[in-house]
Amino acid sequence: MATYDPFRDLDRLATSLFDTRRGPRRMPMDLYRDGDHYVLTADLPGIDPGSVDVDVDGQLLTIRAERTLPSGDGVKWITREREAASFLRQLNLGQGIDTERISANYSNGVLSVTIPVSEKAKPRKIEVMADGTSPVIQAHENADGPQPVEQ
């Protein structure tokens, strides 16, 4: 059986009175690059997966989620510290992202969003030509014999 703690109730009352965050809450998030993609992980405990919404509009990634709490008729609450809440996070992706291949997965209260780097933004090797040099000519063989191929 729970014991009554007037200071805990007073603290909860003060927090609810002075908490001005009545709009959407921010979600804790990590973001890192792993090879040719970025990985975003966000904590969303107690969220119904059906309420998670991830969308991209241009270069703006938006994550929305809703936590609803069950309330039954005839239920007498002993304590209720968890709150129903809306969560919102927006990120400007910038250039060099393949927005068509972004994917998301929600598991064990954590949302993971994989954001691939576009082919144009990946590092590539540039051939350096020296002054007065001509292009390299390679040959490959087919049924008619060796054939020159200019690069």
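Note that the coordinates shown come from a computational prediction; the quantities given were computed from them, not determined experimentally. (Residues numbered from 1 in each chain as written. Predicted model: local features only at pLDDT ≥ 70, side-chain atom pairs only at ≥ 80, totals over all residues. Heavy atoms only, no water.)

Chemist: Lay out the pattern of salt bridges in plain terms, naming residues and giving numbers.
Modeler: For the structure on display, the rule yields three salt bridges. Linking Asp55 and Arg64 is a salt bridge whose minimum nitrogen-to-oxygen distance equals 3.4 Å. A relative accessible area of 26% places Asp55 in the partly exposed class. Of the charged contacts in the structure, one is a salt bridge between Arg101 and Asp98, with a shortest N-O distance of 2.7 Å. Because the salt bridges share partners, they merge into one network encompassing Asp53, Asp55 and Arg64. (Salt bridge = Lys/Arg side-chain N within 4 Å of Asp/Glu carboxyl O. Buried < 20%, exposed > 50% of the residue type's maximum accessible area, 1.4 Å probe, protein only.)

Chemist: Describe in detail the sheet that holds strand S4 (residues 60–67), supporting the description with residues and values.
Modeler: Across the sheet, which stays open at both edges, the three strands sit in the order S3-S4-S5 with antiparallel pairing between neighbours. In this open sheet, the two edge strands, each paired with only one partner strand, are strand S3 (53–57) and strand S5 (85–92). Neighbouring strand axes in the sheet, compared pairwise and without regard to direction, differ in orientation by 15° on average. Bridging between S4 and S5 involves eight bridges; their strand directions are antiparallel. Bridge pairing in S5 places Leu60 opposite Asn92. (Pairing = 2+ DSSP bridges. Helix = DSSP H or I, 4+ residues; strand = E, 2+ residues; numbered from the N terminus. Axes fitted to C-alpha atoms, helices over the stretch in contact; angles between N-to-C directions.)

Chemist: How would you sum up the nonpolar core? Please name residues and give values.
Modeler: Ranked by size, the top nonpolar core spans 17 residues in total, and within it Leu40, Leu44 and Phe87 carry the most contacts. Mapped by element, the contributors of at least two residues to this core are strand S2 (37–43), S4, S5 and strand S7 (110–116). Setting aside its immediate chain neighbours within four residues, Leu44 contacts Met27, Ala65, Phe87, Tyr106, Gly109 and Leu111. (Core = buried A, V, L, I, M, F, W, Y, C linked by side-chain atoms within 4.5 Å. Contact = heavy atoms within 4.5 Å.)

Interpretation note: all reported values are geometric properties and have no functional meaning in isolation.
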